[in-house]
Amino acid sequence: HIQDPASQRLTWNKPPKSVLVIKKIRDASLLQPFKELCMYLTEENNMIVYVEKKVLEDPAIANDENFGPVKKKFCTFREDYDDISNQIDFIICLGGDGTLLYASSLFQGSVPPVMAFHLGSLGFLTPFNFENFQSQVTQVIEGNAALVLRSRLKVKVVKEHREKTTVQNGIEENGVVSANLEKEVGKQIMQYQVLNEVVVDRGPSSYLSNVDVFLDGHLITTVQGDGVIVSTPTGSTAYAAAAGASMIHPNVPAIMITPICPHSLSFRPIVVPAGVELKIMLSPDARNTAWVSFDGRKRQEICHGDSISITTSCYPLPSICFREPVSDWFESLAECLHWNVRKKQNNFAVEEEE
């Protein structure tokens with residue numbers, strides 16, 4: 001039985017009480033929508049509103065006396081310091097696609113449903129218009145909305161932890177002769193949940209990147225070029241599309257592998273089943289290191305012996321639809337990417353019968 005994407009609906013076991021409002025930072029045009037939304041949530045719906053502390057540090061909000069009573073009701077948090085993962089019923093994003101990616105990064109386990117308003121520059125992942133926000137938010141609170149479960153990637157980075165030792169004339173402090181200035185002292189392991197893509201590239205080096213890609217332990221290819229993109233279906237319309245990949249609907253269970261400017265005419269993007277384990281490492285004979293980033297963040301260097309393991313996460317991001325998953329996606333293709341937009345060919349003029 002193949003599940004119909006339109007059958008995924010938002011249902012609440014109990015009425016939602018807490019909402020996280022994420023606002024794009026340093027955007028003056030979002031201040032008024034942010035204030036209107038927060039006042040509606042606190043005064044009309046009696047919701048507990050969580051807001052990031054740096055959002056309230058904006059002078060335009062901090063100095064607004066009329067907004068003061070509302071602001072006192074907020075619960076605040078700081079990224080990387082406070083854990084709010086078990087305190088949020090749903091999320092509202094105000095901004096562009098970046099706000100949704102940021103919301104994803106805050107929840108490394110299960111993610112509450114996300115309602116994203118289009119107030120940014122592109123808005124492929126943000127289907128809601130802010131003009132009628134009251135009725136739309138009320139529908140979500142009542143549980144009357146369609147959902148699309150956007151799969152994420154679970155990424156594990158294992159680094160050979162190296163420690164530099166103080167060497168004088170080739171002799172360490174303890175008197176032992178040293179031929180190498182670095183010693184391996186264990187491994188450093190980092191984990192990330194990624195909504196769009198993992199990008200491995202050559203960084204500032206002028207040489208081609210040279211990385212090996214393994215699938216379930218088998219070497220499938222070596223990437224020689226500017227790098228490689230490993231993306232979710234959601235990320236297929238982002239960097240991967242710009243690099244020439246196909247666009248995949250978010251309900252398709254898949255992982256896409258797309259080369260960035262490969263030095264090979266036959267290296268085409270490929271789609272592999274969700275759930276496989278990919279592993280990316282520097283090739284043994286690579287001239288330079290590589291760099292990796294996760295949804296454009298946490299950029300770091302990858303050296304020989306380090307590895308990046310990627311598979312489908314068991315924690316997708318539930319994205320609330322404006323209408324339903326299929327029509328929302330095609331409307332985004334037409335509106336944001338102008339997919340297959342061209343001037344139509346004229347039909348033949350029918351000559352009138354004499």
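Owing to the predicted nature of the structure, the values given are computational and were not obtained by experimental measurement.

### Thoughts on the pairing of strand β15 (residues 254-260)
The buried count for β15 comes to 7 of 7 residues, which makes it a mostly enclosed element. Of the two faces of β15, the one lined by Ala254, Met256, Thr258 and Ile260 and the one lined by Ile255, Ile257 and Pro259 are each fully buried. Where strand β14 (residues 227-231) lies against β15, 5 bridges are found, and the strand directions are antiparallel. Residue serine 231 lies in a different strand from β15, and its bridge partner there is methionine 256. In this structure, β15 lies alongside strand β16 (residues 270-273), joined through 4 bridges in antiparallel fashion.

### Some remarks on the nonpolar core
Generally speaking, soluble globular proteins have nonpolar side chains that are buried together. Core analysis: the biggest nonpolar cluster contains 32 residues, and Phe34, Leu37, Leu41, Phe74, Ile92, Phe117 and Val137 have the highest contact counts within it. When contributions to this core are tallied by element, the ones reaching two or more residues are β1 (18-23), α1 (31-44), β2 (48-52), α2 (53-56), β4 (90-95), β5 (114-118) and α6 (133-141). Ranked by the residues each element gives to this core, the list is headed by α1, at 6 residues. Look past the residues within four positions of phenylalanine 74 in its chain and what remains in contact with it is Phe34, Cys38, Thr42, Val49, Val51, Leu56 and Phe67. Ranked by size, the runner-up nonpolar core spans 29 residues in total, among them Val200, Val213, Val272 and Ile310.

### Description of the sheet that holds strand β19 (residues 297-302)
Strands sit in the order β16-β15-β14-β11-β18-β19 across an open sheet of 6 strands; the sheet is antiparallel. Looking at which strands have only one partner, the edges of the open sheet turn out to be β16 and β19. Averaged over all adjacent pairs, the angle separating strand axes in this sheet is 20 degrees, with direction ignored. Where strand β18 (residues 290-294) meets β19, 4 bridges bridge the pair, whose relative direction is antiparallel. Residue pairing for β19: alanine 290 is matched across the bridge by isoleucine 302.

### What about the domain arrangement of the protein?
One frequently used descriptor of interface size is the decrease in accessible area upon assembly of the parts. Partitioning the protein into structural domains gives domain 1 (9-151 + 316-337) and domain 2 (153-162 + 186-312). The centre of domain 1, based on its C-alpha atoms, is set 30 Å off from the matching centre of domain 2. Across the boundary between the two partners, domain 1 contributes 20 residues, which contact 18 residues of domain 2. In total, domain 1 and domain 2 occlude about 1,600 Å² of area from one another, counting both sides; carbon and sulfur atoms represent 58% of this. When the buried area of domain 1 at its contact with domain 2 is split by residue, Leu101, Ser151 and Trp329 rank highest and sum to 38% of it.

### Some words on unusual backbone geometry
For arginine 26, which is not glycine, the phi torsion reads 60 degrees and is therefore positive. By relative accessible area, which is 78% here, arginine 26 ends up exposed. A positive phi is found at asparagine 46, a non-glycine position, where the angle reads about 55 degrees. Note that asparagine 46 resides in the loop between α1 and β2.

### Topic: a nonpolar patch on the surface
A contiguous nonpolar surface patch, about 360 Å² in accessible area, is contributed by Val326, Phe330, Leu337 and Trp339. Structurally, phenylalanine 330 can be placed in helix α8 (residues 325-336).

### Quick word on the pattern of salt bridges
For the coordinates displayed, the defined rule picks out 8 salt bridges. Two residues, aspartate 64 and lysine 35, come together in a salt bridge whose shortest N-O distance is 2.5 Å. Of this pair, aspartate 64 sits in the loop between α3 (59-62) and α4 (68-71) while lysine 35 is found in helix α1, placing the two residues 29 residues apart along the sequence. Exposure remark for lysine 35: the relative accessible area of 11% places this residue in the buried category.

Parameters at a glance
Residues numbered from 1 in each chain as written. Predicted model: local features only at pLDDT ≥ 70, side-chain atom pairs only at ≥ 80, totals over all residues. Heavy atoms only, no water. Buried < 20%, exposed > 50% of the residue type's maximum accessible area, 1.4 Å probe, protein only. Helix = DSSP H or I, 4+ residues; strand = E, 2+ residues; numbered from the N terminus. Pairing = 2+ DSSP bridges. Core = buried A, V, L, I, M, F, W, Y, C linked by side-chain atoms within 4.5 Å. Contact = heavy atoms within 4.5 Å. Axes fitted to C-alpha atoms, helices over the stretch in contact; angles between N-to-C directions. Domains from an automatic or database assignment. Buried area = accessible area lost by both parts, 1.4 Å probe. Patch = residues over 30% accessible without salt bridge, like charges linked within 9 Å, V, L, I, M, F, W, Y side chains within 5 Å. Areas by Shrake-Rupley, 256 points an atom, 1.4 Å probe, with all protein chains shown as cover. Salt bridge = Lys/Arg side-chain N within 4 Å of Asp/Glu carboxyl O.

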